[in-house]
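The chain contents come next:
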Amino acid sequence: MRITMIGSGYVGLVSGVCFADFGHDVICVDKDLSKIEALREGRIPIYEPGLEQLVAENTSTGRLSFSTDVGESVRGADVVFIAVGTPSRRGDGHADLSYVYAAAREIATYVEGFTVIVTKSTVPVGTGDEVERIMRETNPAADVAVVSNPEFLREGAAIEDFKRPDRIVVGLNDDRARETMTEVYRPLYLNQSPLVFTTRRTSELIKYAANAFLAMKITFINEIADLCERVDANVQDVSRGIGLDGRIGAKFLHAGPGYGGSCFPKDTLALAKTAQDYDAPVRLIETTISINDNRKRAMGRKVISAVGGDIRGKKIAILGLTFKPNTDDMRDSPAIAVIQTLQDAGAQVVGYDPEGMENARKVIENIEYASGPYEAAAGADALVIVTEWNQFRALDFNRLKQSMRAPVLVDLRNIYRSDEVRKHGFAYTGIGTNLYQDSTNA
């Protein structure tokens, strides 16, 4: 299959590379010349484990190429994927579809013969209808079938998710596209990955419903964690106790500082706005959004409390800046709100992240960046784990205690057992354990 991917950001690049690895001929297109030049030179603009090697392998075979020329890339393609950004629109929270619609107009200008146009970007219900309308308006002679094929990739595990998906959702209103999409995903279909065909609008809603449910599940366990702190219970045991129920499942039941990233915040907001427009409000999701927004600053206040209530002039070391490990993505990271809360209270903040510091500098001001976890902790009045990178899971607490001004650990991801930390002379505060026990037994 000849596949063109419009948009070479996170979703477009990972999807394009994986399709090429399946044996398809793929051109990844982007208007950003510097990005395309970097990709041609083997420099990857995002951090994703295994991506650099996969790009190199498929570029060398000739199955994968990069271009800024939409027209040349679209002509002769069997399938054209639209994988451009759909950020939250300023002012009202709706998804900004301007990039999707602009791509549709440009594709329509150059398309030749029967071509399947696939919306890979996360878009509200009805977007595919508008894409089809725009294309037929731009080029009435265009022979196209517009399809929805949402992505379900987790940052940090995107290649594995693409190659071994739980399901592949394809929404179509033109049955001619069924055979083409089956061929595109043939390597996965042969491995018995479920290929779910449905209508275009249903497919669009599946993506939003999935992300909203997972965001709600995270928020649920975070609220249970707050309750655990008040009733002398342990949220990790609660998570395990309910997660072993097959109807519930253990995933996304890890209490922490709230969800962030490029998907959950904007997708929950877009779903809530779409539901309001159709007079079918999703109150659970609206509440989830509100709780999550408040929780991030509450985590900053938790740190302040752990240090004694007054952090003016004190040094607080933050380990982990990205919204999750194994990515350099800072979008809506809980670390941003935590740091702002600490700064508002007068703290001096120093941060360290294995991959995210370059992007962190663009969104977090007036903090110092360290070269490693021990350098960040030197002279600190508290050490705060915000993102659970593997290299933070086996810290040398004797070394930390010698270099810190005060041995205080605030573990917002519960990666340590409280007794392990306390035996080294540290005061320990986690998520979802008894507040008073933590403070009196420190």
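What counts, and where the lines are drawn
- Residues numbered from 1 in each chain as written.
- Predicted model: local features only at pLDDT ≥ 70, side-chain atom pairs only at ≥ 80, totals over all residues.
- Heavy atoms only, no water.
- Pairing = 2+ DSSP bridges.
- Helix = DSSP H or I, 4+ residues; strand = E, 2+ residues; numbered from the N terminus.
- Contact = heavy atoms within 4.5 Å.
- Axes fitted to C-alpha atoms, helices over the stretch in contact; angles between N-to-C directions.
- UniProt positions renumbered as here; feature names shortened; annotations may be inferred.
- Domains from an automatic or database assignment.
- Buried area = accessible area lost by both parts, 1.4 Å probe.
- Salt bridge = Lys/Arg side-chain N within 4 Å of Asp/Glu carboxyl O.
- Polar contact = N/O pair within 3.5 Å; in protein donor to acceptor, adjacent residues only side chain to side chain.
- Buried < 20%, exposed > 50% of the residue type's maximum accessible area, 1.4 Å probe, protein only.
- Arc of directions from axis to C-beta.
- Expected span 1.5 Å × (residues − 1).

Student: How do you make sense of the sheet that holds strand β12 (residues 382-385) when you look at a structure like this?
Tutor: In sheet architecture, strand pairing relies on hydrogen bonds along the backbone and comes in two forms, parallel and antiparallel. The 6 strands are arranged β11-β10-β9-β12-β13-β14 in an open sheet whose pairing can be described as parallel. Of all strands in the sheet, those bounded by a partner on one side alone are β11 (368-369) and β14 (427-429). In the sheet, strand β9 (residues 315-319) pairs with β12 via 4 bridges, with the strands oriented parallel. Residue pairing in the sheet places Ala317 in a bridge with Leu383 of β12. Of the strands in this sheet, β9, β12, β13 (408-411) and β14 are in contact with helix α13 (residues 283-307), which crosses β13 at around 155°.

Student: When you look at the UniProt feature "binding site: substrate" (unreviewed entry) in the protein chain in this model, what are you seeing that I'm missing?
Tutor: The UniProt entry lists Phe152, Leu153, Arg154, Glu155, Lys207, Phe252, Leu253, His254, Ala255, Gly256, Gly260 and Lys324 under the feature "binding site: substrate" (unreviewed entry), expressed in the numbering used here. What stands out for the annotated residues spanning 173 residues is how far apart their C-alpha atoms range, the widest pair being 23.8 Å apart. With respect to the secondary-structure elements, Arg154 resides in the loop between β6 (144-148) and α7 (158-163). With residues up to four places along the chain from it excluded, the contact list for Arg154 reads Tyr10, Glu48, Asp161 and Lys324.

Student: Where do I start with the domain arrangement of the protein chain in this structure?
Tutor: A common measure of how large an interface is: the accessible area buried when the components associate. As assigned here, the protein chain comprises domain 1 (2-193), domain 2 (208-289) and domain 3 (291-429). Here domain 1 and domain 3 have C-alpha centroids that lie 37 Å from each other. Counting residues at the interface gives 8 residues for domain 1, matched by 10 residues for domain 3. Counting the surface lost from both domain 1 and domain 3, the interface buries some 610 Å², and carbon and sulfur atoms represent 43% of this. Where domain 1 touches domain 3, the interface holds 0 salt bridges. In this structure, the connection of domain 1 to domain 3 is made through 3 residue pairs in polar contact (both at pLDDT 80 or more).

Student: Quick question: what am I supposed to make of helix α2 (residues 33-40) here?
Tutor: An α-helix turns once every 3.6 residues. As a result, residues three or four positions apart point the same way. Of all the residues in α2, the buried ones are Lys35, Ile36, Ala38 and Leu39. For α2, the arc enclosing every buried residue in end-on projection is 160°, short of the 170-degree limit, so these residues lie on one face. Where α2 is buried, its residues contact α1 (10-21), β2 (25-29) and β3 (64-67). Gly42 occupies a position one or two residues after α2 and carries a positive phi of about 85°.

Student: Just to check I follow, could you spell out the pattern of salt bridges for this structure?
Tutor: Pairs can form between side chains of opposite charge once their charged atoms are near each other. For the structure on display, the rule yields 30 salt bridges. Across the pair Asp129 and Arg200 runs a salt bridge, and its minimum N-O distance is 2.8 Å. Pair noted here: Asp129 is in helix α6 (residues 127-138) and Arg200 is in helix α10 (residues 200-231), with a separation of 71 residues, a long-range link. By relative accessible area, which is 27% here, Asp129 ends up partly exposed. Between Arg133 and Glu130 there is a salt bridge, with the nearest N and O atoms lying 2.7 Å from each other. Of this pair, Arg133 and Glu130 both sit in helix α6, separated by 3 residues, roughly a single helical turn. Taken together, the shared-partner salt bridges connect Asp129, Glu132, Arg136, Arg200 and Arg201 into one network.

Student: Would you mind showing me how to read the sheet that holds strand β4 (residues 79-82) here?
Tutor: Read across the open sheet, the 8 strands follow the order β3-β2-β1-β4-β5-β6-β7-β8; overall the sheet is mixed. Each edge of the sheet is formed by a strand with only one pairing partner; in this case those strands are β3 and β8 (195-198). Each neighbouring strand pair of the sheet contributes to a mean axis angle of 25°, computed without reference to strand direction. Relative to strand β5 (residues 115-119), β4 runs parallel, the two being bridged by 4 bridges. Of the residues in β5, the one forming a bridge with Val79 is Val116. Set on the sheet, α6 makes contact with β5 and β6; between it and β6 the angle comes to about 160°. Relative to strand β7 (residues 168-172), α10 is tilted by about 145°, and along the sheet it contacts β6, β7 and β8.

Student: Even after reading the chapter, I still don't get helix α5 (residues 98-110), so can you show me in this structure?
Tutor: Over its 13 residues, α5 runs 19 Å from end to end, which matches the ideal 18 Å to within 8%, given 1.5 Å per residue. Those residues of α5 lying buried are Val100, Tyr101, Ala103, Ala104, Ile107 and Ala108. Projected onto a plane normal to the axis of α5, the buried residues spread over an arc of 155° and lie on a single side. Looking at the buried positions of α5, the neighbouring elements they touch are β1 (2-6), α4 (70-74), β4, β5 and α6.

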